[in-house]
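# An overview of the molecular structure
Letter by letter, the chains look like this.
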Amino acid sequence: MSHEHAKTFLDAIDQDPELYKKMSDIRDQMQQDTMALAKQYGYDVTPTELKAALEGKLGTQLPGPVDDKGGAEPSTCFVPFSEAPGR
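Report on the accompanying structure.

What counts as what
- Residues numbered from 1 in each chain as written.
- Predicted model: local features only at pLDDT ≥ 70, side-chain atom pairs only at ≥ 80, totals over all residues.
- Heavy atoms only, no water.
- Patch = residues over 30% accessible without salt bridge, like charges linked within 9 Å, V, L, I, M, F, W, Y side chains within 5 Å.
- Areas by Shrake-Rupley, 256 points an atom, 1.4 Å probe, with all protein chains shown as cover.
- Salt bridge = Lys/Arg side-chain N within 4 Å of Asp/Glu carboxyl O.
- Helix = DSSP H or I, 4+ residues; strand = E, 2+ residues; numbered from the N terminus.
- Buried < 20%, exposed > 50% of the residue type's maximum accessible area, 1.4 Å probe, protein only.
- Expected span 1.5 Å × (residues − 1).
- Arc of directions from axis to C-beta.
- Contact = heavy atoms within 4.5 Å.
- Axes fitted to C-alpha atoms, helices over the stretch in contact; angles between N-to-C directions.
- Parallel < 35°, antiparallel > 145°, perpendicular 65-115°, else oblique.
- Nonpolar A, V, L, I, M, F, W, Y, C, P; charged D, E, K, R; others polar.

## Thoughts on a nonpolar patch on the surface
- Where nonpolar side chains cluster on the molecular surface, the patch consists of Leu 37, Tyr 41 and Tyr 43 and spans about 390 Å² of accessible area.
- One can find Tyr 41 in the loop between α2 (17-40) and α3 (47-58).
- Of the residues examined, Tyr 41 reaches a relative accessible area of 60% and is grouped as exposed.

What follows is the structure in structure tokens.
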């Protein structure tokens, strides 16, 4: 996907309520899956703690708030890992 297509896609998320909802659902499910996997492997962390740790590792602030129930404002599309860190 070209850089322009990526920007256009992000604009479409903001402008299309149906696409916005679908992206929110994907983000929420990925976040829930990430937290479930962490707990399965014995890591007792919250989404907020994981986000803070990832920001520290990346050396940058990730967009958007996240709550300890795994929810976030849909426009932020925060997902702890879109790919495995360090890969």
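On we go from here.
## Observations concerning the pattern of salt bridges
- Enumeration over the complete set of coordinates arrives at five salt bridges.
- Taking the shortest distance from any N to any O, the salt bridge between Glu 4 and Lys 7 comes out at 3.3 Å. Of this pair, Glu 4 and Lys 7 are both found in helix α1 (residues 3-15), three residues apart, which corresponds to roughly one turn of the helix.
- With its nearest N and O atoms 2.2 Å apart, the salt bridge here joins Asp 28 to Arg 27.
- Note on Arg 27: relative accessible area 3%, which makes it buried.

## A word on α3
- Taking 1.5 Å of rise per residue, twelve residues should cover 16 Å, and α3 covers 16 Å from first to last C-alpha, within 8% of that figure.
- What α3 keeps buried is the set Pro 47, Leu 50, Lys 51, Leu 54 and Glu 55. Seen along its axis, α3 keeps its buried residues to an arc of 135°; they face one direction. What points out from α3, more than 90 degrees from its buried face, is the exposed set Gly 56 and Lys 57.
- Of the surrounding elements, those touching the buried residues of α3 are α2.

## Let's talk about the packing of α1 against α2
- Look at α1 against α2: their axes get within 6 Å of each other, and the N-to-C directions meet at 105°. By the criterion of interaxial angle, the relationship of α1 to α2 is roughly perpendicular. Between α1 and α2, the contacting residues are Phe 9, Ala 12, Ile 13 and Gln 15 on the first element and Pro 17, Leu 19, Tyr 20 and Met 23 on the second.
- Counted by class, the contact of α1 with α2 contains seven nonpolar, one polar and no charged residues.

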